[in-house]
Amino acid sequence: MIFEQWDIANWFTYSVDEPLLFTQKYFWIFFALVMGGYSLVHKHTARRNTYLFLVSLFFYYKTSGFYFIILLFSTLADFLIGGAIYRNKVKWQRQSLVALSVVVNLFVLGYFKYAYFVADFIHDLTGIQLEVMNHFALWTNNAIGTNFVFEKILLPVGISFFTFQTISYSVDIYRGHIKPVKSILDFGFYVSFFPQLVAGPIVRASEFIPQLYQPYQLSKERAGLAVFWILNGLLKKLFLADYLAVQFIDRVFDNPQLYSGFETMSALFGYSMQVYADFSGYTDVAIGIAMLMGFTLPKNFNSPYKATSVADFWRRWHLSLSTWLRDYLYIPLGGNRTGSIASYTIVFLFFLMIALIVGDGYLTLALGGLFTLGFVLMRVSPKTERWVNTNINLMLTMVLGGLWHGSSWNFVTWGTLNGVGLVVYKNWKKISPWSDRSKWWNKAIGLALTLTFITFTRAWFRSPTWDGAIAILAKIPEDFGWSTVGAVLTSNWKFYLVLIGGYLIHWIPGAYKERLRQSVAHSSVYVLFLLALLSIMVIYQILSAEVQPFIYFAF
């Protein structure tokens, strides 16, 4: 019996080795029980929201332990601040309250995610060794006698996602897009909705809160579409992402010195498919589960590897983050119209930080001269000022977006490179002889160049160290291994078959994929059951290998 495989007491306690993941059967038992209780309360919105809030808290506790207290703190703080913003009619006081929300949320995020990064930076700069400890855990141990680990700070799962959601709540109230919710239980449900809590998509308050008060509706077609998204996401994760990782990618990245440049390049292109299938697979499952509960989550991907430019790629990749950064960071900084004091200050501090870390006098002079020259040219040349203002906020948004992903120079480098790619493309497209996308060969060239650029920047995304990323990229031209290509293809033919198949499926025109989704959505219950059974059989065969954790759980 399946229930005999676990000690029932373990079902209700946190275990670092047994988080609630979509890829584990325990989650689906949990979800079945949740839906059983949901059937009793779904007709009454207040009870429904309260029930799902409590269920989501339990889910987060099972996934991240007592860090659910951090989630409760963010929920309470922004619920109170949001209400105060709405009631207050004095502009500067409203602005101060929004600033308070941003500062509180970013402090929580920064403390738990960037404490070690800041400590290392200070050590590299001054030689001072700061001891990093979890003061919240230490305070709790002293206050109420708990036994939390305080010697190190562990990253709460999903903190980058739910802090951005709570920030959007305060800002959307300030902008007049929504009114504050009256019940903290309703707001808690919005913040903690378990399908998307730990890895997105990032759900804005203005998109989700109106759904809190809509009656539950689930048509047969919508249920069929939900089943499609769930099965599609699980197959992406287990058949594509995990298979590629276990069979080839992880081995190459763990010991790149043992592999040729061709194998390294193959692992990079494989990782591009892995990270897409892994992350989009999670959000597909989240969207499907939310549908079954009567809620709509935003689309998070739009076939990103069909992009014919870096700008097109970022209009297709991680849409909930890209649009969040656009509306809550890029546009407030000045967008493509003008720079701001904040923009110039961030650039100055960034240059200063690089100069201090490197500690090279010539580099310091060069960066100082570059900043001064740019400032002077902007004062005397309106054309230069417009060019700088058009691009400075774009670069800053991408750099900060990279830092959102992780507290290391790898992610700063990755974000910076993508920002440079966007700036170069914006200026190149004005003079490019291949800008006519109506010609198929121009689209093919754009697609190949974009995929190659995005893939090579992922060396910093995947490698644990900055030098490791450089070593991986250097391996390709230094030791490509032309003479061994045939042997590599022969010995790893399954990997290459799955990888090429993944890209070919990805490149199928969207209209055909939409027809498939609609066909599944309108299928009979028996067909849906058969599809589910076949998918489970395929997944079961794949599960002979160890299931990999979702990549974006680390963010």
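Let us look at the structure shown here. (Residues numbered from 1 in each chain as written. Predicted model: local features only at pLDDT ≥ 70, side-chain atom pairs only at ≥ 80, totals over all residues. Heavy atoms only, no water.)

1. Examining the overall build of the protein chain
Turning to step 1, where the next piece is worked out: Each helix and strand counted, the protein chain has 22 helices and zero strands in total.
Turning to step 2, where the next piece is worked out: Considering the protein chain as a whole, with its 555 residues, one finds that 51% of them fall into the buried category.
Turning to step 3, where the next piece is worked out: Counting contacts in the protein chain only where the partners sit at least 6 residues apart, residues at least 24 apart contribute 76% of the total.
Turning to step 4, where the next piece is worked out: Surface exposure of the protein chain reaches about 27,200 Å², of which carbon and sulfur atoms provide 68%. (Helix = DSSP H or I, 4+ residues; strand = E, 2+ residues; numbered from the N terminus. Buried < 20%, exposed > 50% of the residue type's maximum accessible area, 1.4 Å probe, protein only. Contact = heavy atoms within 4.5 Å. Areas by Shrake-Rupley, 256 points an atom, 1.4 Å probe, with all protein chains shown as cover.)

2. Topic: the pattern of salt bridges
Turning to step 1, where the next piece is worked out: This model, assessed by the stated rule, comprises nine salt bridges.
Turning to step 2, where the next piece is worked out: Put simply, Asp 284 and Lys 236 hold a salt bridge, and the shortest N to O gap is 3.0 Å. Taken as a pair, Asp 284 in helix α10 (residues 261–292) and Lys 236 in helix α9 (residues 220–254) lie far apart in primary sequence, 48 residues in all. The pair formed by Asp 284 and Lys 236 is uniform in burial state, with each residue classed as buried.
Turning to step 3, where the next piece is worked out: Several salt bridges converge on common partners, so that one network encompasses Arg 204, Arg 326 and Asp 327. (Salt bridge = Lys/Arg side-chain N within 4 Å of Asp/Glu carboxyl O.)

3. What about the packing of helix α3 (residues 68–87) against helix α7 (residues 184–192)?
Turning to step 1, where the next piece is worked out: Contact geometry for α3 and α7: axes closest at 10 Å, N-to-C directions at 125°. Classified by the angle their axes make, α3 and α7 are oblique. Where α3 crosses over α7, the two elements pack in a sense that is right-handed. Packed against α3, whose contacting residues are Leu 71, Thr 75, Leu 76, Asp 78 and Phe 79, the element α7 presents Ile 184, Phe 187, Gly 188, Val 191 and Ser 192 at the interface.
Turning to step 2, where the next piece is worked out: Here the contact of α3 with α7 is built from residues that sort into six nonpolar, three polar and one charged. (Axes fitted to C-alpha atoms, helices over the stretch in contact; angles between N-to-C directions. Parallel < 35°, antiparallel > 145°, perpendicular 65-115°, else oblique. Left-handed = near helix turned anticlockwise from the far one by under 90°. Nonpolar A, V, L, I, M, F, W, Y, C, P; charged D, E, K, R; others polar.)

4. Details of the nonpolar core
Turning to step 1, where the next piece is worked out: In terms of nonpolar packing, the biggest core is built from 137 residues, with Phe 194 and Met 293 touching the most fellow members.
Turning to step 2, where the next piece is worked out: Considering every element that reaches this core, the biggest residue donor is α10, with 18 residues.
Turning to step 3, where the next piece is worked out: Apart from the residues within four sequence positions on either side, Phe 194 is in contact with Phe 27, Phe 30, Phe 31, Val 34, Val 55, Ser 56, Phe 59, Tyr 282, Ile 289 and Met 293. (Core = buried A, V, L, I, M, F, W, Y, C linked by side-chain atoms within 4.5 Å.)

5. Let's talk about the environment of Pro 210
Turning to step 1, where the next piece is worked out: Relative to the helices and strands, Pro 210 is located in the loop between α8 (205–208) and α9.
Turning to step 2, where the next piece is worked out: As for Pro 210 and Lys 179, which are separated by 31 residues in sequence, their C-alpha atoms are 9.6 Å apart.

6. Considering the packing of aromatic side chains
Turning to step 1, where the next piece is worked out: As enumerated under the stated definition, the model contains 55 aromatic pairs in all.
Turning to step 2, where the next piece is worked out: Ring geometry for Tyr 60 against Phe 162: centres 6.0 Å apart, planes inclined by 90°, an arrangement best described as edge-to-face. Residue Tyr 60 is found in helix α2 (residues 45–64), and its partner Phe 162 is found in helix α6 (residues 159–175); the two are separated by 102 residues along the sequence. This pair shows no difference in class: Tyr 60 is buried, exactly as Phe 162 is.
Turning to step 3, where the next piece is worked out: Across from the ring centre of Trp 404, 5.3 Å away, lies the NZ or CZ of Lys 113, which sits over that ring.
Turning to step 4, where the next piece is worked out: Sitting over the face of the ring of Trp 317, Arg 458 holds its NZ or CZ atom 4.7 Å from the ring centroid. (Phe/Tyr/Trp six-rings, centres within 6.5 Å; stacked < 30°, edge-to-face > 60°. Lys NZ or Arg CZ within 6 Å of the ring centre and 35° of its normal.)

7. Remarks on unusual backbone geometry
Turning to step 1, where the next piece is worked out: At Ser 303, a position not held by glycine, the phi torsion is positive, near 45°.
Turning to step 2, where the next piece is worked out: With respect to the helices and strands, the residue Ser 303 is situated in the loop between α10 and α11 (310–314).
Turning to step 3, where the next piece is worked out: A positive phi angle, near 45°, is found at His 318, a position not held by glycine.

8. Thoughts on α7
Turning to step 1, where the next piece is worked out: Most of α7 is tucked away: seven of the nine residues are buried.
Turning to step 2, where the next piece is worked out: Among the residues of α7, Asp 186, Phe 187, Gly 188, Phe 189, Tyr 190, Val 191 and Ser 192 are the ones counted as buried.
Turning to step 3, where the next piece is worked out: Close packing links the buried residues of α7 with α2, α3, α6 and α8.
Turning to step 4, where the next piece is worked out: Of the residues that open α7, the one with a side-chain oxygen 3.1 Å from the backbone nitrogen of Leu 185 is Ser 183. (Polar contact = N/O pair within 3.5 Å; in protein donor to acceptor, adjacent residues only side chain to side chain.)

Taken by themselves, the reported measurements are silent on function.
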